[in-house]
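Notes for the structure review
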Amino acid sequence: MAKQTVKPSKSGSFVGILVVIAVVGIAAIAYLANGKASKAVTVDPNVPAGAAFGYIRGDSTAPVQIIEFGDFECPSCGQFATVTEPDIRSRLIATGQVALTFYDFPLDMHRNTWAASNSAACAADQGKFWEMHDRLFEGQNEWNTQATKDPVSVMKGYAKEIGLEMSKWQSCVDEAKHLDRIKGNRAEALRRNIQSTPTFIIGDKMVPGAITYDAFKAYVDSAAAAKAPVKAPAKAAAK
Amino acid sequence: MNKRQAIAALSLAGFFLATYLTLYKLGYIGTLACGTGGCETVQLSKWGDFLGMPVAAWGALFYLAMCAAAICAEFQWVASPRLLSRAMTLMSGWGVIFSGWLTWLELARIHAICRYCVVSAVLVFVLFVLSVLELRTQREG
């Protein structure tokens, strides 16, 4: 076999090309990383109320009222609900510093999310919205678009687990009794120009993404300091 | 630029592409959120991981291995460059199959297309073609 040798000049230019690609690659990642960081935008905290009807957790008179627009099938929302939200509940909500109101924002890309919103709304009828909320996010991979074409059968199991009266829940789900409520919540998200889920409105800041507890707390502190009350859209039910 | 150099250069570019997607998937770049973008849908789907690792991380390892093999072959750092050419052909051939499967998943199951994944699939195909041509050159030599 004829051994091929690399001429020094060709070798130099080849190494040069690799160095250029490496430098451009690192610079591109750094640039994209900077552009992709979660950035809060300032919004009017007194946006007029719409026809939405969220689910509140915490004291409705808490100094900082937070709105979350979430999609039950969104993995980022699932990550926030299972990883960050427990800390928020124990450290901020249970201590009376904040109240969090959840509004459905079912995204078009998620086929089974409407069924989840419907299941949760029907659980709210029996005062167990948050139990269903938590169970749906914990079991997201069991009922999402990739997992099944019959998500309601999986959610039926959750309804039993959390102790709902099944006949009432089932008829509520079958009738899609709360479809207007879910549509109203979604319309509120679109009206506020929400681009992704989860998105939080904390004081006068609109914050997209599954942010960490520390980042969340910083926004809460800032909102508390500014004492800028957020007017929740229409009414929020403590169910 | 000869074929081995082209393989090394394209693999290095692919490595950075896959590294970016891996860092995004792991949450080191930006904050995970579900938007209407196809990449987010694809990355956050249940097929975003393979054997416990993000698919993009497997891609980064693949590109790194291809780049290393091409550089070793170029600088004659191994006794048998032909063996390396065979290895590059096998790796990139497997890459074409894997990318094809991922693209099918995007179209048929996830119903979203990630443009970075498409670029990567094209890159893998080009690497396969170059590897086959390099192997033929080795045989003729």
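Notes on the structure in this doc start here. Keep in mind it's a predicted model, so treat the numbers as computed, not measured.

The secondary structure content of chain B amounts to five helices and two strands. Going from the N terminus to the C terminus, chain B shows its helices and strands as α-α-β-β-α-α-α. Counting all 141 residues of chain B, 48% fall into the buried class. The contacts in chain B between residues at least 6 apart in sequence include a share of 76% that link residues at least 24 apart.

Let us now look at the pairing of strand β3 (residues 64-70) of chain A. Both faces of the sheet carry side chains from a regular strand, because those side chains alternate between them. All names here are of chain A. Counting buried positions along β3 gives seven out of seven residues, so the element sits mostly inside the fold. Here β3 shows a buried face lined by Val 64, Ile 66, Glu 68 and Gly 70 and a second buried face lined by Gln 65, Ile 67 and Phe 69. As paired elements, β3 and strand β4 (residues 98-104) share seven bridges and run parallel to each other. Following the sheet pairing, Val 64 is matched in β4 by Val 98.

This part covers the packing of helix α2 (residues 75-93) of chain A against helix α4 (residues 129-138) of chain A. Residue and element names in this part refer to chain A. One can describe the packing of α2 onto α4 by two numbers: an axis separation of 9 Å at closest approach and a directional angle of 120 degrees. With respect to α4, the axis of α2 lies oblique. Where α2 crosses over α4, the two elements pack in a sense that is left-handed. Two secondary-structure elements touch here, α2 through Cys 77, Gly 78, Ala 81 and Thr 82 and α4 through Asp 134, Phe 137 and Glu 138. For the contact of α2 with α4, the class distribution of residues is three nonpolar, two polar and two charged.

Another aspect to go through is helix α4 (residues 81-110) of chain B. The terminal C-alpha atoms of α4 of chain B, which comprises 30 residues, lie 40 Å apart, in line with the 44 Å expected from a rise of 1.5 Å per residue. At the C-terminal side of α4 of chain B, His 111 of chain B shows a positive phi close to 60 degrees.

Scoring rules and cut-offs
Residues numbered from 1 in each chain as written. Chains lettered and ligands numbered in written order. Predicted model: local features only at pLDDT ≥ 70, side-chain atom pairs only at ≥ 80, totals over all residues. Helix = DSSP H or I, 4+ residues; strand = E, 2+ residues; numbered from the N terminus. Buried ≥ 20, exposed ≤ 12 C-beta atoms within 10 Å, placed from the backbone. Contact = placed C-beta atoms within 7 Å. Pairing = 2+ DSSP bridges. Axes fitted to C-alpha atoms, helices over the stretch in contact; angles between N-to-C directions. Parallel < 35°, antiparallel > 145°, perpendicular 65-115°, else oblique. Left-handed = near helix turned anticlockwise from the far one by under 90°. Nonpolar A, V, L, I, M, F, W, Y, C, P; charged D, E, K, R; others polar. Expected span 1.5 Å × (residues − 1).

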